[in-house]
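# Remarks on the overall topology
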Amino acid sequence: MSDTTNDPQDYWQICFDGGTDGPTGGGAPQSDDVRLDIVGHSTVTWYRGTGTGWTPMTASPDSQFQWKDSISGSPTSSTPHWILELIINKQNVGIGPRFGARIAVYDASNSAAGVLAWPPTSRDVPDAWGDFPYSAEAAPTSSPSPTVTPTPTPTPSPQPETSTSNDIYVIATIVIIIIAVAGAVAFLKLRK
Ligand SMILES: [Ca+2]
Ligand SMILES: [Ca+2]
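The structure displayed is predicted, hence computed values, not measured ones.

As a further point, take the coordination of the calcium ion (ligand 1). In this structure, Asp3 (OD), Asp3 (OD), Thr5 (O), Thr5 (OG1), Asp7 (OD), Asp10 (OD), Asp10 (OD) and Asp107 (OD) serve as the protein donors to the calcium ion (ligand 1), at separations of 2.3 to 2.7 Å. One chain supplies every donor to the calcium ion (ligand 1), and in sequence these donors are spaced D-x1-T-x1-D-x2-D-x96-D. Highlighted residues: Asp3 in the segment before β1 (11–17) and Asp107 in the loop between β7 (99–106) and β8 (116–118), separated in sequence by 104 residues. On the accessibility criterion, Asp3 (0% relative accessible area) is buried.

What follows is the structure, encoded as structure tokens:
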């Protein structure tokens with residue numbers, strides 16, 4: 001998806017399967033699950049699971065939550081498109097180091113494309129959301145094989161300029177790529 005239009009019905013949506021010891025799944029949103037909707041590039045609504053559905057929260061569960069979206073080019077596409085950057089304190093939201101989530105985008109100028117989501121599953125079924133693993137270890141490095149001629153270090157792919165090792169980047173078109181895993185604070189960068 002490459003959304004280049006500012007529509008009141010555009011939206012970003014992220015569902016988190018909360019649980020301080022990891023995702024708890026379930027066939028419907030539970031009280032430790034939260035959902036974030038950003039509609040029309042202006043209106044933020046947080047929801048909490050009720051056991052059967054979602055109910056809006058009166059205030060953000062995360063006092064440190066920040067977000068910004070804008071139309072711009074990015075390292076993976078020079079065509080200006082919507083990019084969302086947000087910072088979420090996972091502890092404030094009740095998300096454990098390892099968690100489940102589903103990320104969806106909708107372009108009201110391209111309703112034929114429908115809602116694009118990763119995973120392409122129901123918003124309302126935590127069991128079907130994606131797993132975001134966590135490791136406190138350093139990123140693994142491959143061991144050289146004695147039978148293989150060492151290859152040159154590959155040219156690094158362009159990285160968002162705000163990348164740090166403590167951030168989570170999620171690039172959402174249709175494919176989601178986790179570049180790093182966060183500790184207490186998850187930083188998500190989405191594009192559509
Ligand atoms: Ca749009
Ligand atoms: Ca849960």
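Here the calcium ion (ligand 2) is held by the protein donor atoms Asp17 (OD), Gly18 (O), Thr24 (OG1), Asp32 (OD) and Asp33 (OD), which lie 2.2 to 2.5 Å from it. We note that the donor set of the calcium ion (ligand 2) lies within a single chain, spaced as D-G-x5-T-x7-D-D. Residue Thr24 is classed as partly exposed on the basis of its relative accessible area of 49%.

What follows concerns the packing of aromatic side chains. Evaluated as defined, the whole model comprises 6 aromatic pairs. Between Phe99 and Phe132, the ring centres sit 4.8 Å apart and the planes meet at 10°, which makes this aromatic pair stacked. Residue Phe99 is located in strand β7, and its partner Phe132 is located in strand β9 (residues 130–132); the two are separated by 33 residues in the primary sequence. Note on accessibility: Phe99 and Phe132 belong to one class, buried. Pairwise contacts between aromatic rings join Phe16, Phe99, Trp118 and Phe132 into one cluster. Above the face of the Tyr47 ring, Arg35 is positioned so that its terminal group lies 3.9 Å from the ring centre.

The topology assignment puts Asp10 in the segment before β1. Of note is the side chain of Asp10, whose polar atom sits 2.8 Å from the backbone nitrogen of Ala108. With sequence-adjacent residues up to four places away left out, Asp10 is seen in contact with Asp3, Thr5, Ile38, Val39, Gly40, His41, Trp82, Tyr106, Asp107, Ala108, Ser109 and Lys192.

This part is about the pattern of salt bridges. For the structure shown, the criterion picks out 3 salt bridges. A salt bridge links Arg35 to Asp37; its shortest N-O distance comes to 2.7 Å. Grouping residues by exposure puts Arg35 and Asp37 together as buried. Note that Asp131 is salt-bridged to Arg98, the shortest N-O span being 3.3 Å. A residue pair is termed long-range when its members are at least 10 positions apart, and Asp131 in strand β9 and Arg98 in the loop between α1 (90–93) and β7 qualify at 33 residues.

Turning our attention to unusual backbone geometry. Residue Pro119 is reached from Trp118 by a cis peptide bond, and omega for that bond is -15°. Among the secondary structure elements, Pro119 is positioned in the loop between β8 and β9.

Now for the confidence of the model for the protein. Across the protein, the average pLDDT comes to 82, with 76% of residues at 70 or higher. Note on residues 159–185: pLDDT under 50 across the span, and 73 contacts to partners over four residues away in sequence or across chains.

What counts, and at which threshold
Residues numbered from 1 in each chain as written. Chains lettered and ligands numbered in written order. Predicted model: local features only at pLDDT ≥ 70, side-chain atom pairs only at ≥ 80, totals over all residues. Heavy atoms only, no water. Donors = N, O, S within 2.8 Å, 3.2 Å for Na, K, Ca; no water. Helix = DSSP H or I, 4+ residues; strand = E, 2+ residues; numbered from the N terminus. Buried < 20%, exposed > 50% of the residue type's maximum accessible area, 1.4 Å probe, protein only. Phe/Tyr/Trp six-rings, centres within 6.5 Å; stacked < 30°, edge-to-face > 60°. Lys NZ or Arg CZ within 6 Å of the ring centre and 35° of its normal. Polar contact = N/O pair within 3.5 Å; in protein donor to acceptor, adjacent residues only side chain to side chain. Contact = heavy atoms within 4.5 Å. Salt bridge = Lys/Arg side-chain N within 4 Å of Asp/Glu carboxyl O. pLDDT = per-residue confidence, 0-100.

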